[in-house]
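Survey of secondary and tertiary structure
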Amino acid sequence: MVKELQYGQMSIFTVKKPQLRKVTAKVKTYLFILPAMVILLALIIYPLIFSLSKSLTDFTLGMPGEKFIGFQNYITAFKDQTFHQSLGFSILFSVCVTSVELLLGFVTALLLQRKFIGKRLITILLILPMMVTPVVVGIIWLLMFQPDFSVINGLLSTIGIKGPIWLQHKWTARFAVMVADIWQWTPFFALILLGGLLNLPIEVIESAKVDGASNLQILRYIKIPIMMPLILVVILIRLIDSFKTFDSIFIMTNGGPGNVTEVLSLYIYRSGLPFMNVSYAAAMSYLFLIILIIATTLLIRRLQRI
Amino acid sequence: MKKLKLVCILCLTAVFTLSSLFLFAGGGGKEQPAQEKEAKPAPEKKEQPAPEKKDLRGVQLHVSMIDEEREWAFRDLLPEFEAKTGIKVTIDTYGFEDLFKKNLTAAAAHTGEYDVIQMHFPDMALFDARGYCRDITDWVMRDKDEIKLDDIHPSLQESHMKYKGRYYGVPTHVGSMTFYYRKDIFEEQGYQVPTTWEDVLKIAKDVDQKYGPDTRGFAFMGRADIQGAATYLNFMGAYGGEFYDPNSYRPMFDTPAALKAMQTLNDLVKYSVEGSPSYGFDEAHVAFQQGRAAMLPFWDSGDGFFSDPKQSDIIGKWWVAPMPGGRATNGGWSVQISADSANPEAAWEFLKWIISPEMERRLVPMKPSCRISILTDPEFKKYPSYQGFYNVLAGNPFPFPKILPNWQMLQLLGQAENQVVTGQKSPKEALDWLQGQYEVIMLRYNLWTPKK
């Protein structure tokens, strides 16, 4: 009996115990990830929902109360000329700096792939601009383009060219803020692409050489296609990052002259804190996010097709 | 290859998630309690009984101030205050915009980070209206003999100390814009001191022809910020313009006065130091002190720069005159006690110390004083901006608008002014745009309603 009972119990346990263990294991799993989930909810999800809710109100710092106004802030943004202008300049800025940085970065990476004296020193120097904070970059380039004692104009005058007042005119000011970004982030492209170049399959390149392919042909038909996923990823990271550029432009021009160098992130910031129009800034942030999602999705699809 | 793609996509997802965090990090904020709207009667303040003086030794105060020489002087002199009162003070200094943000975020979130805050006086319409700072009327009245209240110019009491009839702060680092000119050039050419902006235009043109390109006729702060706005207001005041109708709060940038002011400023650009349209505070005074301009409308702190033998090339060659047209932009700072301060009595002792007659006298000639006795003291006649500032106060100053969205309005005015002087827009286009912006702001803040 006892045995039978024990057998009976055993038989029950042999069926039930693994299920209980599974349940306990699942609970344990959830318990382990619970702190992370709570932090995630508190730090990401809650602010997202909070700012979304604010974007649907007329909440203004310094004003009493708030009321629900639906999508009015979004409609206002679509009609707002300054929003259009800053969005336009943000796109122009991102596309220009990313293209130039890619080009210069790739050329630099190809140069660094070769062996030459001082290569290590140059590689270290290349990393330096990336380590400088954007505010300092802004200050450095503000001094370089300063109206009265511009270093750039000083250099130009040595070859007999009278430089313009860079930060006073529409296109020279735009050029100046782009130069600062290109200076800082070209090394990022160079280093990532150098990593890609150094990991290319040597056999393929060797066999192409045996078949008589020129260096340009090897670059165009072998190196670039193999590296394309990496190139697209770097482009995407920089596009997103440059679209959010704020600090260096804030320091160099504060969006001026007028508002021709005002990027969208600067306009959102200005609307939100100094101008206290928090709900409108939140609505523009969401539009900013939607634009980024569309751009990112398109590039990721392109990446998936490779 | 598939693995590489997977890794790439995962990296992108991580980057994208982090980037979205950037956007919304500042989205949160504390819910604002209901308050009276601007331009409506002030809420009735609870009478705060003036507490008895108590032992404040060992109390610690945190103070936020603007990062300029007068405030550095307070910091340097703190050991004296500590020895006298036993109160330990830490002064943090920030740039103009950072100070506003720091004060606003601390006040709105009630962090109590600062016991004492210094604010650009138009911002009293935000900080005092919202109850972010303490009503100190009772303490001011109790200690009026000690602080010699009657000696503080009544105009400054109204603008820098009071909000809707109650005392909230004390004035320090006060001043106005004044008209600096090259005395030597004027004497050499026999120019009369200009009383209108048309006179300035004529002289600037003549100087440009006779002394250019080394010395140009004019220089100004044209940058798209508060300095550009402050410069333009001198012109606007001269032609009888106003920010808004004082009764209806209707913006008044679609008036002939506003247009004439902008046209005259724009006419001066061709006789100005080349970089003027992008000059801020520093560049403008450097241009004048290096002798590159014959005239400059500038803050009265110019005295210090132009008299400093270490940096000025025009010592003894300059002087000041009343602003052409008779109205000068009036600015300055108010120092107040945070409503969240745990030590308001100690904070009041600090306020009394920084505006004491002795302190004001010691800080001559850093900035004009708030005290009549010092502004009119014959001993200080050698500082031209002192008498100049006293004349501005006695005359018709053009203060920044003391309304809630003043910051936004000044920034937009600076932007419009800069668009004109950099040739991006005509004066009419820029002012039409500005008027539209201001009408939206006034509507949004319930200050003005258009007539149907």
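A few points on the structure. (Residues numbered from 1 in each chain as written. Chains lettered and ligands numbered in written order. Predicted model: local features only at pLDDT ≥ 70, side-chain atom pairs only at ≥ 80, totals over all residues. Heavy atoms only, no water.)

The next subject is the overall build of chain B. For chain B, the count of helices and strands is 18 helices and 10 strands. Residue burial in chain B is summarised as follows: out of 452 residues, 58% are buried. Across chain B, contacts joining residues at least 24 apart in sequence account for 75% of those joining residues at least 6 apart. (Helix = DSSP H or I, 4+ residues; strand = E, 2+ residues; numbered from the N terminus. Buried < 20%, exposed > 50% of the residue type's maximum accessible area, 1.4 Å probe, protein only. Contact = heavy atoms within 4.5 Å.)

Turning to the overall build of chain A, a few remarks are in order. Counting its secondary structure elements, chain A contains 12 helices and zero strands. Tracing chain A from N to C terminus, the helices and strands come up as α-α-α-α-α-α-α-α-α-α-α-α. Computed over the C-alpha atoms, the radius of gyration of chain A is 28 Å, more than 25% above the 19 Å expected from 2.2 N^0.38 for a compact globule of 306 residues. Structurally, chain A occupies a C-alpha span of about 110 × 75 × 35 Å along its principal axes. Buried positions account for 45% of the 306 residues belonging to chain A. Nonlocal contacts in chain A, meaning residues at least 24 apart in sequence, comprise 68% of its contacts between residues at least 6 apart. Carbon together with sulfur atoms contributes 73% to the accessible area of chain A, which is approximately 16,700 Å² in total. Charged side chains of chain A number 26 positive and 13 negative; the gap between the two group centres comes to 9 Å. (Rg over C-alpha atoms; globule rule 2.2 N^0.38 Å. Areas by Shrake-Rupley, 256 points an atom, 1.4 Å probe, with all protein chains shown as cover. Lys, Arg positive; Asp, Glu negative; His and termini not counted. Charge placed at Lys NZ, Arg CZ, Asp CG, Glu CD.)

Right, let's talk about the side chain of B:His120 for a bit. Along the chain, B:His120 turns up in strand S3 (residues 116–120). In this structure, B:His120 is in contact with B:Phe96, B:Ile226, B:Gly332, B:Trp333 and B:Phe400, ignoring residues within four places of it in sequence.

Residue position: B:Pro256 is located in helix H10 (residues 256–269). In this structure, the C-alpha to C-alpha distance between B:Pro256 and B:Gly240, residues 16 residues apart in sequence, is 9.5 Å.

Moving on to the pairing of S3(B). Residues and elements named next belong to chain B. Of all five residues in S3, five are buried, a share of seventy percent or more. One ladder, built from five bridges, connects S3 with strand S9 (residues 329–337); its direction is antiparallel. Counted as the bridge partner of Ile117 is Gln336 from S9. (Pairing = 2+ DSSP bridges.)

On the surface, a nonpolar cluster with roughly 450 Å² of combined accessible area is contributed by A:Val23, A:Val27, A:Leu31, A:Leu34 and A:Val38. With respect to the helices and strands, A:Leu34 occurs in helix H1 (residues 2–55). (Patch = residues over 30% accessible without salt bridge, like charges linked within 9 Å, V, L, I, M, F, W, Y side chains within 5 Å. Salt bridge = Lys/Arg side-chain N within 4 Å of Asp/Glu carboxyl O.)

Residues and elements named next belong to chain B. Take Ser338: it is sitting in the loop between S9 and helix H13 (344–354). A distance of 3.5 Å separates a polar atom in the side chain of Ser338 from the backbone oxygen of Tyr114. Once you skip the residues sitting within four places of it in the chain, Ser338 turns out to touch Tyr114, Asp115, Tyr132, Cys133 and Arg134. (Polar contact = N/O pair within 3.5 Å; in protein donor to acceptor, adjacent residues only side chain to side chain.)

A word on the packing of aromatic side chains. All names here are of chain A. For the coordinates displayed, the defined rule picks out 49 aromatic pairs over all chains. Measuring from centroid to centroid gives 5.0 Å for Phe246 and Tyr269, while their planes differ by 80 degrees, and the two rings are edge-to-face. Highlighted residues: Phe246 in the loop between helix H9 (215–243) and helix H10 (247–252) and Tyr269 in helix H11 (residues 264–272), separated in sequence by 23 residues. Among the residues examined, Tyr269 registers a relative accessible area of 17% and is labelled buried. (Phe/Tyr/Trp six-rings, centres within 6.5 Å; stacked < 30°, edge-to-face > 60°.)

Glancing now at the nonpolar core. Residues and elements named next belong to chain B. The biggest cluster of nonpolar side chains holds 103 residues, and the ones touching the most others in it are Phe127, Phe218, Tyr232, Phe243, Phe253 and Met295. Top contributing element to this core by residue count: helix H17 (residues 406–421), with eight residues. Counting 45 residues, the second-largest nonpolar core is a separate cluster that includes Val63, Val89, Val116 and Ile152. (Core = buried A, V, L, I, M, F, W, Y, C linked by side-chain atoms within 4.5 Å.)

In this section: the pattern of salt bridges. This structure, assessed with the given rule, holds 29 salt bridges over all chains. Where A:Asp241 meets A:Arg238, a salt bridge forms, and the shortest distance between an N and an O atom there is 2.9 Å. In this pair, A:Asp241 and A:Arg238 both sit in helix H9, three residues apart, roughly one turn of the helix. For A:Arg238, a relative accessible area of 1% puts it in the buried group. The salt bridge partner of B:Arg371 is B:Asp151, with a shortest N-O separation of 3.5 Å. Remark: B:Asp151 occurs in the loop between helix H5 (137–142) and helix H6 (154–161) and B:Arg371 occurs in the loop between helix H14 (357–362) and helix H15 (372–375); sequence separation between them is 220 residues. A single burial state applies to B:Arg371 and to B:Asp151, both of which are buried. Several salt bridges share partner residues, and in doing so they unite B:Arg142, B:Asp143, B:Glu146, B:Glu349 and B:Lys352 into one network.

Residues and elements named next belong to chain B. Enumeration according to the criterion identifies four cavities of 30 Å³ or more in this entry. Of the pockets and cavities examined, the largest cavity occupies roughly 70 Å³. Lining the largest cavity, in full, are Asn103, Ala106, Ala107, Gly112, Glu113, Tyr114, Ile117, Phe127, Tyr132, Cys133, Ser338 and Asp340. The greatest single-element share of the lining of the largest cavity, amounting to three residues, is contributed by helix H3 (residues 96–108). Classifying every residue of the lining of the largest cavity by side-chain character gives seven nonpolar, three polar and two charged. (1 Å grid on protein atoms, 1.4 Å probe; cavity = no way out; pocket = protein on both sides within 12 Å on 5 of 7 lines; lining within 4 Å. Points joined across faces, edges and corners; volume = space filled by probe spheres on them. Nonpolar A, V, L, I, M, F, W, Y, C, P; charged D, E, K, R; others polar.)

Another aspect to go through is the pairing of strand S2 (residues 88–94) of chain B. Consecutive side chains of a regular strand alternate in pointing toward one face of the sheet and then the other. Residue and element names in this part refer to chain B. By the bridge criterion, seven bridges tie strand S1 (residues 60–66) to S2 in an arrangement that is parallel. Each bridged residue has a counterpart across the sheet, and for Gln60 the counterpart in S2 is Lys88. Remark: the S1/helix H2 (residues 69–85)/S2 crossover connection has right-handed handedness. (Right-handed = clockwise from strand over helix to strand, strands pointing away.)

Next up on the list: the environment of A:Ile182. Residue and element names in this part refer to chain A. Tracing the backbone through its elements, the reader meets Ile182 in helix H7 (residues 170–198). On the basis of relative accessible area, Ile182 is assigned to the buried category, the value being 15%. Along the sequence, Ile182 and Ser99 sit 83 residues apart, while their C-alpha atoms lie 9.6 Å from each other. Setting aside residues up to four positions removed in sequence, Ile182 forms contacts with Val97, Val100, Glu101 and Leu104.

Turning our eyes to something else, we now look at the state of the cysteines. Residues and elements named next belong to chain B. Under the counting rule described, the total for this entry stands at zero disulfides over all chains. A disulfide-free cysteine, Cys133 has its sulfur positioned 18 Å from the sulfur of Cys370, the nearest such atom. What makes Cys133 buried here is its relative accessible area of 4%. (Disulfide = S-S within 2.5 Å.)

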